[in-house]
Amino acid sequence: MSNTIKPRILITGASGQVGGKTIDFLLSNTDIEIVAAVRTAEKAAPFTKKGITTVIFDYDDESADMAAFKNIDCVFMVTAYTVDMLRQSKALLDNAKKAGVKHIVHLGACGPDDTTIVHWARHQFVERYS
């Protein structure tokens, strides 16, 4: 039996469509520990029933980031499509770095570098910042 510790992967947007499907997909991987990021204790309940660790995380409350990132190795970053996305993403990336998170996967949107489509451009800014 191995003494290695499983990498802990924080999934943001865990109660949403993409985050939820990502967790469902990863559940069969016994080489990792999934941590579901949720905004409220009520949203944590379904994950807790499945034996999935949860943390309280809200893109609009940066004060909780450090607690949410404790002992996290990787983050799957799913962002909402709001005007605050850039500020929220920057705060998450800055705080994850301070907390020692080693790897971040950002669910982005592809587009040409000279795009004028705001949605694509916002994602490009986030990816280049990280």
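In case you missed it, the structure is sitting above this.
First, a word on what this report is: a plain description of the structure on this page.

What counts, and where the lines are drawn
- Residues numbered from 1 in each chain as written.
- Predicted model: local features only at pLDDT ≥ 70, side-chain atom pairs only at ≥ 80, totals over all residues.
- Heavy atoms only, no water.
- Helix = DSSP H or I, 4+ residues; strand = E, 2+ residues; numbered from the N terminus.
- Expected span 1.5 Å × (residues − 1).
- Contact = heavy atoms within 4.5 Å.
- Polar contact = N/O pair within 3.5 Å; in protein donor to acceptor, adjacent residues only side chain to side chain.
- Phe/Tyr/Trp six-rings, centres within 6.5 Å; stacked < 30°, edge-to-face > 60°.
- Buried < 20%, exposed > 50% of the residue type's maximum accessible area, 1.4 Å probe, protein only.

### Thoughts on helix α4 (residues 85–99)
- Here α4 spans 21 Å end to end across 15 residues, near enough to the 21 Å set by a 1.5 Å rise per residue.
- On its buried side, α4 packs onto α3 (65–68), β4 (74–77), β5 (103–106) and α5 (118–129).
- Of the residues one or two after α4, G100 is the one with positive phi, at around 90°.

### What about the side chain of S89?
- Considering the arrangement of structural elements, one finds S89 in helix α4.
- A distance of 2.8 Å separates the side chain of S89 from the backbone oxygen of M85, its partner in a polar contact.
- Apart from the residues lying within four places of it in its own chain, the contact partners of S89 are M77, T79 and V126.

### Points about the packing of aromatic side chains
- Scanning the model with the defined rule gives two aromatic pairs in all.
- Judged by centre distance (5.1 Å) and plane angle (80°), the rings of F57 and Y59 are edge-to-face. For the pair shown, F57 and Y59 are each scored as buried.
- By the ring-pair criterion, three or more aromatic residues cluster together here, those being F57, Y59 and F69.

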